[in-house]
Number of protein chains: 2
Amino acid sequence: MQMMEERSKKVLCAVVQSYINFPDPVGSMLVTKRYSFGLSPATIRNIMADLEDMGFLAQPHTSAGRVPTDRGYRFYVDLLVAEKDYYTNMEILQEIYKRLEALRNNIDVFLGETTRTLSKLSHYLGVAMSPRLDMTTLKRIELLKYRADKIAAILFTDEGLIKNKVVSLDSEISQKDLNRITGYLNSEFSGHTFDEIRFKVIKEMSKEKIRCDTLISRAMKICREALSFSHNDLFVSGLSEVFDLPDFADLKKIRELSRAIEDKHTIIELLDSLSEFDGLQIIIGSENSMDEMKKLSVVVSTCKEGYRPIGVVGIIGPTRMNYEKAIYIVDNTAKFITKMLSGR
Amino acid sequence: MQMMEERSKKVLCAVVQSYINFPDPVGSMLVTKRYSFGLSPATIRNIMADLEDMGFLAQPHTSAGRVPTDRGYRFYVDLLVAEKDYYTNMEILQEIYKRLEALRNNIDVFLGETTRTLSKLSHYLGVAMSPRLDMTTLKRIELLKYRADKIAAILFTDEGLIKNKVVSLDSEISQKDLNRITGYLNSEFSGHTFDEIRFKVIKEMSKEKIRCDTLISRAMKICREALSFSHNDLFVSGLSEVFDLPDFADLKKIRELSRAIEDKHTIIELLDSLSEFDGLQIIIGSENSMDEMKKLSVVVSTCKEGYRPIGVVGIIGPTRMNYEKAIYIVDNTAKFITKMLSGR
DNA sequence: ATTAGCACTTAACCATTGAGAGTGCTAAAC
DNA sequence: GTTTAGCACTCTCAATGGTTAAGTGCTAAT
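Residue numbers run consecutively from 1 along every chain, following the written order of its sequence. The order in which chains are written sets their letters, starting at A; the order in which ligands are written sets their numbers, starting at 1. Only residues with pLDDT of 70 or above have their local features reported here, since the model is predicted, and side-chain atom pairs are shown and tallied only from 80 upward, although totals for entire chains, interfaces and linings are computed over all residues. Side-chain metrics in this entry use all non-hydrogen atoms of the structure; hydrogen atoms and water are not considered.

1. Some details on the protein's contact with DNA strand D
Point 1. The local shell around DNA strand D holds 21 residues, among which A:Ser28, A:Arg66, B:Thr43, B:Thr62 and B:Ser63 are the closest.
Point 2. Sugar and phosphate atoms represent 76% of those atoms of DNA strand D found within 4 Å of the protein.
Point 3. Residue A:Ser28 places a side-chain N or O atom 2.8 Å away from a phosphate oxygen belonging to DNA strand D.
Point 4. Between DNA strand D and the protein, one listed contact pairs a phosphate oxygen with a backbone N or O atom of B:Ser40 at 3.0 Å.
Point 5. The way it works is that DSSP assigns letters per residue, a run of H or I at least four long becomes a helix, a run of E at least two long becomes a strand, and they are numbered from the N terminus. Mapped onto the surface near DNA strand D, the elements with two or more residues apiece are helix 3 (41-53) of chain A together with helix 3 (41-53) of chain B.
Point 6. Element by element, the count of residues in the surface near DNA strand D is highest for helix 3 of chain B, at four residues.
Point 7. Of the residues belonging to the surface near DNA strand D, the class tally is four nonpolar, 13 polar and four charged. To be near a molecule or strand, a residue needs just one of its heavy atoms within 4 Å of it. The definition of a polar contact used here is a pair of N or O atoms within 3.5 Å, where within protein one atom must be able to donate a hydrogen and the other to accept one, and adjacent residues in sequence count solely through side-chain atom pairs. The nonpolar class holds Ala, Val, Leu, Ile, Met, Phe, Trp, Tyr, Cys and Pro. Asp, Glu, Lys and Arg form the charged class, and all remaining residues, Gly among them, are polar.

Structure below.
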């Protein structure tokens with residue numbers, strides 16, 4: 001790979017670019033027409049044959065042109081990222097700004113709109129995920145009496161997430177007790193991650209069995225219920241965008257994608273595994289560890305507030321993706337969010 | 001219509017049923033085979049020709065069997081509802097129960113799961129919508145200090161909805177002032193609909209300009225922000241179910257549906273217009289006033305807590321829908337939710 | 001090393017064809 | 001007079017086959 005001739009690189013990139021822009025296998029003639037190498041189709045043909053041998057290109061069938069393999073895309077993308085001075089588009093930046101600026105106060109609406117923006121701009125699937133609740137840090141908990149036997153627990157996290165959850169009680173509780181419980185829970189758990197708190201609660205509860213302090217035991221029960229969130233929040237938009245792509249002309253493929261979106265499971269797992277790393281990440285087709293994703297490419301980046309990860313945003317699309325644009329959009333969206341959050 | 005012969009009715013129903021179960025146009029021969037009238041294909045043929053003249057059946061093309069028109073479905077459904085003693089299926093009831101029972105405390109999760117249940121059971125699109133916020137009644141508002149210049153407003157409605165919203169302040173506020181504002185807002189607005197409150201706030205604010213009482217004016221500002229919710233909450237699930245239906249074999253149709261789901265706009269409007277009426281409602285194809293819906297059928301029902309509507313749930317599918325099952329599922333889901341809510 | 005020329009391969013397109021399904025009409029049967 | 005058998009007719013659908021166009025790989029000439 002490192003010993004590939006400069007000329008071959010150029011041809012490979014030409015093929016990839018052509019294929020990204022026009023979804024037809026690209027032939028030697030086309031390359032000479034669209035990109036001006038000073039070479040004849042026959043020469044290009046030889047080069048392309050070499051690139052195929054090296055595993056960067058493939059033929060759908062004997063008499064068709066070539067299409068990039070995942071390795072081909074990878075090479076192209078690495079080059080793209082190395083050059084770094086690709087593509088700028090003020091309109092896109094402004095669009096991101098315009099759509100997200102006003103929404104900073106509500107993380108759910110915000111992430112939802114983020115995915116819509118991502119998909120609108122990229123014409124692929126936009127995804128966003130808030131960080132795993134287990135890992136977030138409780139800032140404060142407030143308990144509000146709601147109905148006779150129900151209270152609303154409002155959880156504030158360091159990340160700026162606000163969650164509310166209704167907790168049912170086995171018996172009525174006085175406002176005074178509720179205040180004491182609130183105070184107790186805050187003094188005990190504020191500053192700890194949900195995971196830690198859960199662990200502490202379990203420990204405490206087994207102790208309580210012996211000591212039988214009803215108030216603390218009640219506090220623990222409430223706390224356990226209040227923290228029982230099942231999953232991360234995943235937002236996905238833009239399935240309808242994907243319909244227009246020739247890559248998904250096949251009904252089956254869209255169905256699969258649609259299933260994945262409704263399941264959420266696969267995508268959550270994917271983003272979860274990516275959220276551990278910092279900054280931009282690009283996964284191309286078969287590089288994905290999950291089977292359902294092996295025909296798709298993923299471009300994501302993490303958003304941070306200070307050094308704390310606040311979520312991950314990205315684009316999912318076909319391997320024949322406009323990586324340049326996708327990278328630009330995702331990168332800037334993530335940076336914009338990070339900046340927006342740190343500014344406040 | 002009312003003077004239609006008994007025999008013709010039977011044939012019409014047979015055609016509808018056959019077509020619902022097997023997505024092929026049904027011919028006279030098929031009718032005699034699958035349903036035992038004591039008649040020959042030729043006679044059935046004549047009857048079916050009559051039914052076509054009357055507008056209940058139609059031929060896709062000359063040499064095909066017949067398919068029901070929307071009027072045909074309507075006739076069938078009306079009969080179905082009139083008889084009322086259709087279809088019962090304990091498994092379905094148990095499934096509904098099992099999936100929804102535990103979730104009553106969180107309206108959002110609950111409605112989301114409701115749509116998933118509806119779509120899973122029906123294999124069509126499941127939809128659910130919480131009532132328009134404008135029309136809901138504020139029970140209580142709580143303001144919690146969140147960051148220096150931000151507070152979280154927690155809104156409790158009579159319907160059991162809990163909404164939180166972050167409100168930015170122009171300058172810091174003391175806890176004491178916040179408490180006073182909270183008390184003021186509750187005494188002033190509790191028991192009023194959001195719509196009324198908004199109106200009052202606007203009135204008050206113009207007055208304030210003159211009196212210049214900063215605390216009340218602050219309270220109003222906060223209240224206005226806290227109540228600025230854009231839309232109803234719409235939940236839709238099961239697009240992937242719809243892929244397997246031959247009615248949507250065409251990519252274009254699914255794309256349209258997928259757009260409608262992402263827009264939400266059309267569906268919200270639809271459900272909104274239906275939420276005014278009580279109980280089960282069935283809209284078949286062209287009976288829909290909206291163009292986007294003219295190829296779809298809708299089966300919905302409203303859920304109530306006491307006499308107060310709490311939302312609307314339903315199924316959207318092709319006109320060739322298994323109405324019997326759909327009605328059963330929607331009706332029982334709505335009733336179950338109503339019962340669940342009134343039990344508490 | 002590059003290129004022109006050419007035979008070869010394959011998918012895509014198009015027109016034709018025949019089978020199959022279902023109808024409407026007519027005339028016979030009940 | 002209602003029902004039915006018989007039959008010609010219409011239309012879709014799937015299969016067939018031939019043609020076209022695109023693009024390749026190889027060879028020989030530049």
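Now that the structure has been shown, we can carry on.
2. Remarks on the nonpolar core
Point 1. Nonpolar cores are built from buried Ala, Val, Leu, Ile, Met, Phe, Trp, Tyr and Cys residues. Side-chain atoms within 4.5 Å join them into one set. Working definition: with a 1.4 Å probe on protein chains only, accessible area under 20% of the residue-type maximum means buried, over 50% means exposed, and in between means partly exposed. Ranked by size, the top nonpolar core spans 215 residues in total, and within it A:Leu143, A:Tyr323, B:Leu143 and B:Tyr323 carry the most contacts.
Point 2. In contact with A:Leu143, other than residues within four places in its own chain, are A:Ile151, A:Ala152, A:Ala153, A:Leu178, A:Ile181, A:Thr182, A:Leu185 and A:Ile222.
Point 3. Counting residues in each nonpolar core, the second largest holds 14 residues, with A:Phe156, A:Ile162, B:Ile154 and B:Phe156 among its members. Only heavy atoms matter for contacts: two residues are in contact if any of them lie within 4.5 Å across the pair.

3. Considering the interface of chain A and chain B
Point 1. Contact with chain A, which involves 41 residues of that partner, is made by 41 residues of chain B.
Point 2. Buried area, as used here, totals the accessible surface that two parts lose on assembly, with accessibility defined by a 1.4 Å probe and the loss added over both. Roughly 3500 Å² of surface becomes buried between chain A and chain B when both sides are summed, with 48% attributable to carbon and sulfur atoms.
Point 3. On the chain A side of the interface with chain B, the three residues burying the most area are A:Asn105, A:Phe243 and A:Leu251, jointly 18% of the side's total.
Point 4. Any carboxyl oxygen of Asp or Glu within 4 Å of a side-chain nitrogen of Lys or Arg constitutes a salt bridge here. The interface formed by chain A and chain B contains four salt bridges.
Point 5. Between B:Asp244 and A:Arg259 there is a salt bridge whose closest N-O contact spans 3.3 Å.
Point 6. Joining chain A to chain B, the criterion identifies 14 residue pairs in polar contact (both at pLDDT 80 or more).
Point 7. Contributions of two or more residues to the side of chain A that touches chain B are made by strand 4 (138-147), strand 5 (150-157), strand 6 (162-168), helix 10 (239-242) and helix 11 (251-263) of chain A.
Point 8. In terms of residues, the side of chain A that touches chain B owes the most to one element, strand 4 of chain A, which gives seven residues.
Point 9. Partitioned by chemical class, the residues of the side of chain A that touches chain B number 15 nonpolar, nine polar and 17 charged.

4. Some remarks on the pattern of salt bridges
Residues and elements named next belong to chain A.
Point 1. The tally for this structure, following the rule as stated, stands at 32 salt bridges over all chains.
Point 2. In this structure, Glu 52 and Arg 66 form a salt bridge, with 2.8 Å as the shortest nitrogen-oxygen distance. Here Arg 66 lies in the loop between strand 1 (57-58) and strand 2 (67-68) and Glu 52 lies in helix 3, a separation of 14 residues in the sequence.
Point 3. Among the charged side chains, a salt-bridge network with shared partners connects Glu 95, Lys 98, Arg 99, Glu 113 and Arg 116.

5. Quick word on the relation of the copies chain A and chain B
Point 1. The superposition of copies rests on a least-squares fit of C-alpha positions from residues with pLDDT of 70 or more in both. Between chain A and chain B, which share one sequence, the superposing operator has a rotation angle of 180 degrees and an axial displacement of 0.0 Å; the RMSD is 0.1 Å. This pairing of chains is accounted for by a two-fold axis. Relative to the rotation axis, the closest C-alpha in chain A is found at A:Leu251, a distance of 3.3 Å.

6. Concerning the packing of aromatic side chains
Point 1. Two rings from Phe, Tyr or Trp (for Trp, the six-membered ring) form a pair when their centres are within 6.5 Å of each other. A pair whose planes differ by under 30 degrees is stacked, one over 60 is edge-to-face, and the rest are tilted. If you walk through the whole model with that rule in mind, you get eight aromatic pairs over all chains.
Point 2. The interplanar angle of 80 degrees and the centroid separation of 5.2 Å between the aromatic rings of A:Tyr87 and A:Tyr328 together place this pair among those described as edge-to-face. Remark: A:Tyr328 occurs in helix 13 (residues 323-342) and A:Tyr87 occurs in the loop between helix 4 (70-83) and helix 5 (90-100); sequence separation between them is 241 residues.
Point 3. With relative accessibility at 5%, the residue A:Tyr328 sits in the buried group.
Point 4. Between B:Tyr97 and B:Phe336, the aromatic rings sit 5.5 Å apart at their centres with planes inclined by 70 degrees, giving edge-to-face as the arrangement.

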